[in-house]
Amino acid sequence: MDKSASPKVHIHYCPACGWLLRAAWLAQEILTTFSNELDSVTLKPAHKQAGLFQVWIDDHIIWCRKKDGGFPQPKELKQKIRDLICPERDLGHSDNKS
C-alpha cells in the first residue's frame with residue numbers, strides 16, 4: 001500500500017439487491033472513524049455483477065460478501081481498515097478485546 005498518499009476506500013455493491021443503504025451506512029461509519037486518515041470513501045454500484053458486495057482500500061480487497069460469508073459489521077470493518085492504514089491507532093470500544 002502506498003504510504004505517501006491517503007488511502008481511498010471503495011465500497012462496491014449490487015444495486016439490484018437493494019444494498020445501497022447498507023453501503024452508505026458503512027461508508028458513514030468509516031468516514032466518522034477515519035476522517036483524518038482517508039482521502040475518500042466511494043460507493044460504486046456494480047450493475048454487471050449481481051450479488052456483489054466488496055470493500056477495497058486502494059487496490060487491496062478487505063471484504064468480500066461471497067468469500068467472507070456475509071456482510072461485515074462496522075466494528076469488524078473498522079478493525080481491518082485500522083490494521084492496514086494506522087495499526088497503532090486505538091479504536092476505543094470498537095477495538096479487539098485482549
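We now turn to the structure provided with this report.

Cut-offs applied
- Residues numbered from 1 in each chain as written.
- Predicted model: local features only at pLDDT ≥ 70, side-chain atom pairs only at ≥ 80, totals over all residues.
- Heavy atoms only, no water.
- Salt bridge = Lys/Arg side-chain N within 4 Å of Asp/Glu carboxyl O.
- Helix = DSSP H or I, 4+ residues; strand = E, 2+ residues; numbered from the N terminus.
- Buried < 20%, exposed > 50% of the residue type's maximum accessible area, 1.4 Å probe, protein only.
- Phe/Tyr/Trp six-rings, centres within 6.5 Å; stacked < 30°, edge-to-face > 60°.
- Lys NZ or Arg CZ within 6 Å of the ring centre and 35° of its normal.
- Pairing = 2+ DSSP bridges.

According to the stated counting rule, one finds four salt bridges in the structure shown. Across the pair Glu 29 and Lys 78 runs a salt bridge whose closest N-O atoms are separated by 3.0 Å. Remark: Lys 78 occurs in helix α3 (residues 74–85) and Glu 29 occurs in helix α1 (residues 20–33); sequence separation between them is 49 residues. Taking the shortest distance from any N to any O, the salt bridge between Arg 89 and Glu 37 comes out at 3.2 Å. With Arg 89 in the segment after α3 and Glu 37 in the loop between α1 and β2 (40–45), this pair connects stretches of sequence that are 52 residues apart. Looking at Glu 37, the relative accessible area reads 24%, which means it is partly exposed.

Here the focus is the packing of aromatic side chains. Considering all chains together, one arrives at three aromatic pairs under this definition. Between the aromatic rings of Trp 19 and Phe 53, the centroid separation amounts to 6.3 Å while the plane-to-plane angle is 80°, which identifies the pairing as edge-to-face. Note that Trp 19 is positioned in the loop between β1 (8–13) and α1 and Phe 53 in strand β3 (residues 53–57), a separation of 34 residues in sequence. Like Trp 19, the residue Phe 53 is buried in the burial classification. An angle of 80° between the planes, with centres 4.9 Å apart, marks the rings of Trp 19 and Phe 71 as edge-to-face. Placement of Trp 19 in the loop between β1 and α1 and of Phe 71 in the loop between α2 (65–68) and α3 is noted, with a sequence separation of 52 residues between them. Classification of Phe 71 by relative accessible area gives partly exposed; the value is 23%. In this structure an aromatic cluster arises from ring pairing among Trp 19, Phe 53 and Phe 71. In this structure, Arg 22 is placed above the aromatic ring of Phe 71, and the distance from its NZ or CZ to the ring centre is 3.7 Å.

Let us look at unusual backbone geometry. You will see that Asp 58, though not glycine, has its phi angle at about 50°, which is positive. As for its position among the elements, Asp 58 is in the loop between β3 and β4 (60–64).

What follows deals with the pairing of β3. β3 sits mainly inside the fold: four of its five residues count as buried. Bridge count for β3 against β4 is four bridges, and the pairing is antiparallel. Paired with Ile 57 across the bridge in β4 is His 60. Where β3 folds back onto β4 in an antiparallel hairpin, the turn is made up of two residues, including Asp 58, whose phi is positive at roughly 50°.

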